[in-house]
Amino acid sequence: MTAPFTELTPAQAQVVGALREEVQTRFRHESTGHDWWHIERVYRTALEIARQEKADLYIVSLAALLHDIADHKFHDGDEQIGPATAAALLRQQEVDEQTIAAVTAIIREVSYKGAGVPTPASSIEGQAVQDADRLDAIGAIGIARAFAYGGSKQRALHDPSSAPQLHSSFEAYKTSQGSTLNHFYEKLLLLKDRMHTESGKRMAAERHAFMVQFVERFLKEWEGK
Ligand code: ADP
Ligand code: NI
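Here the structure is a predicted model, which means the values were calculated and not measured.

What counts, and at which threshold
- Residues numbered from 1 in each chain as written.
- Chains lettered and ligands numbered in written order.
- Predicted model: local features only at pLDDT ≥ 70, side-chain atom pairs only at ≥ 80, totals over all residues.
- Heavy atoms only, no water.
- Helix = DSSP H or I, 4+ residues; strand = E, 2+ residues; numbered from the N terminus.
- Rg over C-alpha atoms; globule rule 2.2 N^0.38 Å.
- Buried < 20%, exposed > 50% of the residue type's maximum accessible area, 1.4 Å probe, protein only.
- Contact = heavy atoms within 4.5 Å.
- Areas by Shrake-Rupley, 256 points an atom, 1.4 Å probe, with all protein chains shown as cover.
- Donors = N, O, S within 2.8 Å, 3.2 Å for Na, K, Ca; no water.
- Axes fitted to C-alpha atoms, helices over the stretch in contact; angles between N-to-C directions.
- Parallel < 35°, antiparallel > 145°, perpendicular 65-115°, else oblique.
- Left-handed = near helix turned anticlockwise from the far one by under 90°.
- Nonpolar A, V, L, I, M, F, W, Y, C, P; charged D, E, K, R; others polar.

Examining the overall build of the protein chain
And step 1. Summing up its helical and strand segments, the protein chain has 10 helices and 0 strands in all.
And step 2. For the protein chain, whose C-alpha radius of gyration is 18 Å, the value lies close to the compact-globule estimate of 17 Å for 225 residues.
And step 3. Along the first, second and third principal axes, the C-alpha set of the protein chain runs to 60 × 35 × 30 Å.
And step 4. In the protein chain, which comprises 225 residues, the proportion classed as buried is 49%.
And step 5. Intrachain contacts of the protein chain at a sequence separation of at least 6 include 68% that bridge at least 24 residues.
And step 6. Here the protein chain has roughly 11200 Å² of accessible surface; of this, 51% comes from carbon and sulfur atoms.

Here it is in C-alpha cells:
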C-alpha cells in the first residue's frame, strides 16, 4: 500500500514525500529493530487506524514517519533529542508551527516507559501513532524485533535465574539489563491492554495470542520438552 496522497493537499503530499525520503535515507543502515521497514509499517498501520478513527491524516503521517527519528535509547537517554530533531526537519520543509507542535507532542508521548508508567496520548492522532508503534512491537514481528534488539545489546535470550521486573519509573525501565524473554513480561505482553483505539485493540488481540503461544513453547523447549 502506498501513502494516501490523494487525501492530502498537494502541498501536504509534497512534505510527506520529502520526509519519507529523508527518513528512509537516515534509517537505511539501522539493524536494531528500528529500521526503515519499522517506520514504514508504523506509518501504514497508523494511517489505517487514523482513517477508521477519523484522525488528521497529515499530522498522523508526519508523526509516524518521525516518531523514532532520534531515540533516547541510542542517545544516552536524552528524551528531548527526538522531538528537537523532528522539529528541525519539519522547519526545513516549512511546515507551520502549529503542525510542528502537534507532531512533536505525539513524539514526546509515544515511547513505552515501563510497566507501571502510564503513557496517555493526548490527541486522537497520537493514539493512532502510539497504537501503530506498539502493534509493531508484538506478534511475529515484535518477537523478531525483540531478539534483534536484545542481540544488539548483548542480552541473554533467557535467564531463568532473573525474574521479570515491572518497572515503576522510566529511569528504571531505561537502565534495565534483563534478558529478552523478560522483556515479554515487562512490556510486550502488557501492550494489548494499553491500546487506545478500537481498531488498535482489535489488531492487538491476534498478535498477542500468537506471542503467548510463542512464550509457552519457548519455555517448554528450554526444559527440553
Ligand atoms: P517502540 O518502537 O515500540 O517504542 P522501542 O523503541 O522501545 O519500541 O524498542 C524498539 C524495539 O526493540 C521494540 O520491538 C521493543 O520491544 C524492542 N526492545 C526494546 N527494549 C528491549 C529490551 N530491553 N529487550 C528486548 N527488546 C527490546
Ligand atoms: Ni517505533
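Section: the coordination of the nickel ion (ligand 2)
And step 1. Donor atoms from the polypeptide that coordinate the nickel ion (ligand 2) comprise H38 (NE2), H67 (NE2), D68 (OD) and D133 (OD), at 2.1 to 2.2 Å from the metal.
And step 2. Between consecutive donor residues of the nickel ion (ligand 2), the sequence gaps follow H-x28-H-D-x64-D.
And step 3. A relative accessible area of 5% means that H67 is categorised as buried.
And step 4. In this structure D68 comes out as buried when scored by relative accessible area, which is 8%.

Notes on the environment of Q154
And step 1. Its place among the elements puts Q154 in the loop between α7 (139–152) and α8 (170–174).
And step 2. Judged by relative accessible area, Q154 falls into the exposed class, the value being 70%.
And step 3. In sequence terms Q154 and M203 are 49 residues apart; their C-alpha atoms lie 31 Å from each other.

Re the environment of G200
And step 1. Among the secondary structure elements, G200 is positioned in helix α10 (residues 198–222).
And step 2. As for G200 and Y58, which are separated by 142 residues in sequence, their C-alpha atoms are 19 Å apart.
And step 3. Non-local contacts of G200, meaning those with residues more than four positions away in its chain, are made with I49, D131, L135 and M195.

Points about the packing of helix α1 (residues 10–27) against helix α4 (residues 81–92)
And step 1. Interhelical geometry of α1 versus α4 gives an angle of 135 degrees and a closest axis separation of 11 Å. Of the possible angle classes, the one that applies to α1 and α4 is oblique. Between α1 and α4 lies a crossing whose hand is right-handed. Between α1, through L19, E22 and R26, and α4, the contact on the second element is made entirely by T85, L89 and L90.
And step 2. Across the contact of α1 with α4, the residue classes break down as 3 nonpolar, 1 polar and 2 charged.

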